[in-house]
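Residues per chain, in single letters:
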Amino acid sequence: IQKKKKIGNEEKFADKHGGWMQNDDVFHDRNVFLEDYREMKRTLKIYAYPHKKADPFAAVLLPEESTPTGNYASESYFKKCLFNSRFLTEDPSEADLFYLPFSIAGLRNDRRIGVGGIKSFVKRYVDDVARRYPFWNRSGGADHFYVACHSVARSAMERAIHVRLNAIQVVCSPNYFLSGYIPHKDASIPQIWPRKGPPPHFRSPSKRATLAFYAGAMNSKVRKLLIEAWEHDGEISVHRTRLKTPYSEALLGSKFCIHARGYEVNTARIGDAIYYGCVPVILADHYELPFSDILNWPSFAVVIPTADIPNMKKVLRGLVISGEYSTMQGNVMKVQKHFRWHETPADFDAFHMVTYELWLRR
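Within each chain, residues carry numbers counting from 1 in the order of the written sequence. Totals for whole chains, interfaces and linings use every residue, but because this is a predicted model, local features are given only for residues with pLDDT of at least 70 and side-chain atom pairs only at 80 or more, for both listing and counting. Heavy atoms from the whole structure form the basis of all side-chain values; hydrogens and water molecules are not counted.

**Description of the UniProt feature "domain: Exostosin GT47" (unreviewed entry) in the protein chain**
How we decide: UniProt positions are given in the numbering used here, feature names are shortened, and annotations may be inferred rather than shown by experiment. Counting from the N terminus, the helices are the DSSP runs of H or I reaching at least four residues and the strands are the DSSP runs of E reaching at least two.
UniProt's feature table lists "domain: Exostosin GT47" (unreviewed entry) at residues 41-318, given in the numbering used throughout. Along residues 41-318 one finds 32% helix and 15% strand; the C-alpha atoms at either end are 41 Å apart.

This is how it looks when you write it as structure tokens:
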């Protein structure tokens, strides 16, 4: 559905997901969320299947002792936070949910397993859980969940079909066009590159000279279309490779920061944009955005179908001219806390938002 409106001599176009804000609150329904959130904190209990440090695969089953780093840190942070939270219970009889603590990224990097052995490991692990404990069989795994950020998680359950169909899959690459991810049963978790310290101080729109920015490898059709359309534009700054100059300055100096899908629908660029107070522009069809049950994404981000990449500049300039951009950037600052991990969980941070998505599915 397209909406068109005259702004001086310029026409502004935006699809229903991309800029005409019917609701400028960052939540779909703030009161409902806050009431549910308080109830979740008061009542939710999660049982994690126990393992000891002597377990031969302890490194992929227990929380990291060090601070999680890298592109797939969200997976490790969730586990670390859960074990440092009041939600964890040692009494399975009071649990609302059961956590399967294997790490897909850890299994991928374990020389004994590797990418080729993940499917077999997961099947053996879940079969062992079903044999040793009564909890999987009584629900068929419907009250169980696992968390994974690496893209290989999408195929990791192919030999454990009962996990894919029944358990809650909390993943960074939730593509509802492809098999393996089931919307409303499964949940999306943001891919966040860890950064130390609080986000930079607010930089006003007047000090953000670049209309839109992107840099990254050319590993998808979407990125190639983006470059072909805007590589030589004076207001939009797009690059075929990573920058040699500081990435942070490019994000801080841009009004809009582009997330263009690569091999998968997700990258850490949405988290990067939000951290630096830049309004995300999302070019990734069929991507179920993180916390979409809670957050009103059109209030702080622009979702553009990849077929409309040639119209992108018109959309973004229209948002600036109409004044909606200023509202959206202010909302980016409001949601920053929801896209941050802490080793000790903090109220409304990424851990609590993921946990709330689980609570909705309990």
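**So, empty space enclosed by the protein**
Our working rule: Cavities and pockets were defined on a 1 Å grid built over protein atoms only: a cavity is a set of grid points that admits a 1.4 Å probe from which the probe cannot escape, a pocket is an open set flanked by protein on both sides within 12 Å along at least five of seven lines, and lining residues are those with an atom within 4 Å of any such point. Grid points are joined across faces, edges and corners, and a volume is the space filled by probe spheres set on the points. Residues are grouped as follows: nonpolar covers Ala, Val, Leu, Ile, Met, Phe, Trp, Tyr, Cys and Pro; charged covers Asp, Glu, Lys and Arg; every other residue, Gly included, is treated as polar.
In the structure shown here, the tally under the stated rule is 6 cavities of 30 Å³ or more. For the largest cavity, the full set of lining residues is Tyr146, Ala153, Arg154, Gln169, Val171, Ser173, Gly180 and Tyr181. Residue composition of the lining of the largest cavity, grouped by class: 4 nonpolar, 3 polar and 1 charged.

**A closer look at the packing of aromatic side chains**
Going by this rule: Stacked, edge-to-face and tilted labels apply to pairs of Phe, Tyr and Trp rings (six-membered ring for Trp) whose centres lie within 6.5 Å, assigned for plane angles under 30 degrees, over 60, and everything in between, in that order.
As enumerated under the stated definition, the model contains 29 aromatic pairs in all. Where phenylalanine 57 meets phenylalanine 121, the ring centres are 5.1 Å apart and the plane angle is 70 degrees; that geometry is what we call edge-to-face. Of this pair, phenylalanine 57 sits in the loop between strand S3 (46-48) and helix H2 (58-61) while phenylalanine 121 is found in helix H5 (residues 114-132), placing the two residues 64 residues apart along the sequence. Both rings, one in phenylalanine 98 and one in phenylalanine 135, keep their centres 4.9 Å apart while their planes meet at 20 degrees; by these two values the pair is stacked.

**Some points on helix H14 (residues 350-360)**
Rules: Exposure is judged per residue with a 1.4 Å probe applied to protein chains only, and the accessible area is read against the type maximum: over 50% gives exposed, under 20% gives buried, and values in between give partly exposed. Note on definitions: a residue-residue contact is assigned when non-hydrogen atoms from the two residues lie within 4.5 Å.
Summarising burial for H14: 10 of the 11 residues are buried, a large majority. Among the residues making up H14, those that are buried are Ala350, Phe351, His352, Met353, Val354, Thr355, Tyr356, Glu357, Leu358 and Trp359. Packed against the buried residues of H14 are helix H1 (30-43), helix H3 (73-83), strand S4 (97-99), strand S5 (144-148), strand S6 (168-171) and strand S7 (187-188).

**Here we look at unusual backbone geometry**
Even without glycine at this site, histidine 184 takes up a positive phi of about 80 degrees. Relative to the helices and strands, histidine 184 is located in the loop between S6 and S7. One non-glycine residue with positive phi stands out, namely histidine 286, at about 70 degrees.

**Some remarks on the confidence of the model for the protein chain**
The predicted coordinates should not be examined in detail at positions where pLDDT is low. Defined as follows: pLDDT: the predictor's confidence for each residue, scored from 0 to 100.
Summary statistics for the protein chain give a mean pLDDT of 92 and a share of 94% for residues scoring 70 or more. Throughout residues 1-19 the model reports pLDDT below 50, and contacts reaching past four residues in sequence, or to other chains, amount to 46 contacts.

**What about the state of the cysteines?**
Applied cut-off: Our working definition of a disulfide is a cysteine sulfur pair at a distance within 2.5 Å.
Summed over all chains, the structure comprises 2 disulfides. The disulfide bridge from cysteine 149 ends at cysteine 172, spanning 2.0 Å between sulfur atoms. Disulfide cysteine 149-cysteine 172: the torsion about the S-S bond is -90 degrees, which places it as left-handed. Separated by 23 residues along the polypeptide, cysteine 149 in the loop between S5 and helix H7 (153-156) and cysteine 172 in the loop between S6 and S7 bring together distant segments of the chain. Note on cysteine 172: relative accessible area 1%, which makes it buried.

**Things to note about H3**
The periodicity of an α-helix, 3.6 residues per turn, causes residues three or four positions apart to be oriented the same way. The element H3 is extensively covered by neighbouring structure, given that 10 of its 11 residues are classed as buried. Within H3 the residues assigned to the buried category are Ala73, Ser74, Glu75, Ser76, Tyr77, Phe78, Lys79, Lys80, Cys81 and Leu82. Where the residues of H3 are buried, they touch S3, H2, S4, helix H4 (104-109), S5 and H14.

**Here we look at the domain arrangement of the protein chain**
A common way to report how large an interface is uses the accessible area buried once the components associate. The criterion, for reference: An automatic or database domain assignment is the source of the domain bounds shown. Joining two parts hides part of their accessible area as seen by a 1.4 Å probe, and the buried area is that hidden amount summed over both. We define a salt bridge as a side-chain nitrogen of Lys or Arg found within 4 Å of a carboxyl oxygen belonging to Asp or Glu.
For the protein chain, the assigned domains read domain 1 (43-172) and domain 2 (210-339). Summarising the inter-unit geometry, the C-alpha centres of domain 1 and domain 2 are found 32 Å apart. With 4 residues of domain 1 at the contact, the number on the domain 2 side is 4 residues. Carbon and sulfur atoms make up 35% of the surface buried where domain 1 meets domain 2, a total of about 300 Å² over both sides. The largest contributions to the domain 1 side of the interface with domain 2 come from Ser151, Arg154 and Cys172, which together make up 81% of the buried area. Applying the counting rule to domain 1 against domain 2 returns 1 salt bridge. A salt bridge links arginine 154 to glutamate 264, with the shortest nitrogen-to-oxygen separation between them at 2.9 Å.

**A look at the pattern of salt bridges**
Here the structure, examined in full by the defined rule, presents 19 salt bridges. Two residues, glutamate 249 and arginine 203, come together in a salt bridge whose shortest N-O distance is 3.8 Å. Of this pair, glutamate 249 sits in helix H10 (residues 247-252) while arginine 203 sits in the loop between S7 and strand S8 (210-215), and the two are 46 residues apart along the sequence. The salt bridge partner of glutamate 357 is arginine 361, with a shortest N-O separation of 2.9 Å. Taken individually, glutamate 357 and arginine 361 each receive the classification buried, so the pair is uniform in this respect.

**A short note on the sheet that holds strand S11 (residues 279-283)**
Note the cut-off: What makes two strands pair is DSSP finding at least two bridges between them. Working convention: axes come from line fits to C-alpha atoms, limited for helices to the stretch in contact. Angles between N-to-C directions cover 0 to 180 degrees.
Strands sit in the order S9-S8-S10-S11-S12 across an open sheet of 5 strands; the sheet is parallel. In the strand order of this sheet, the two ends are held by strand S9 (236-239) and strand S12 (302-303), each with one partner. Here 3 bridges tie S8 to strand S10 (residues 254-260), and the two strands are oriented parallel to one another. For threonine 210, the partnering residue across the bridge sits in S10 and is serine 254. Lying on the sheet, helix H13 (residues 324-335) is in contact with S10, S11 and S12; it crosses S11 at an angle near 100 degrees.

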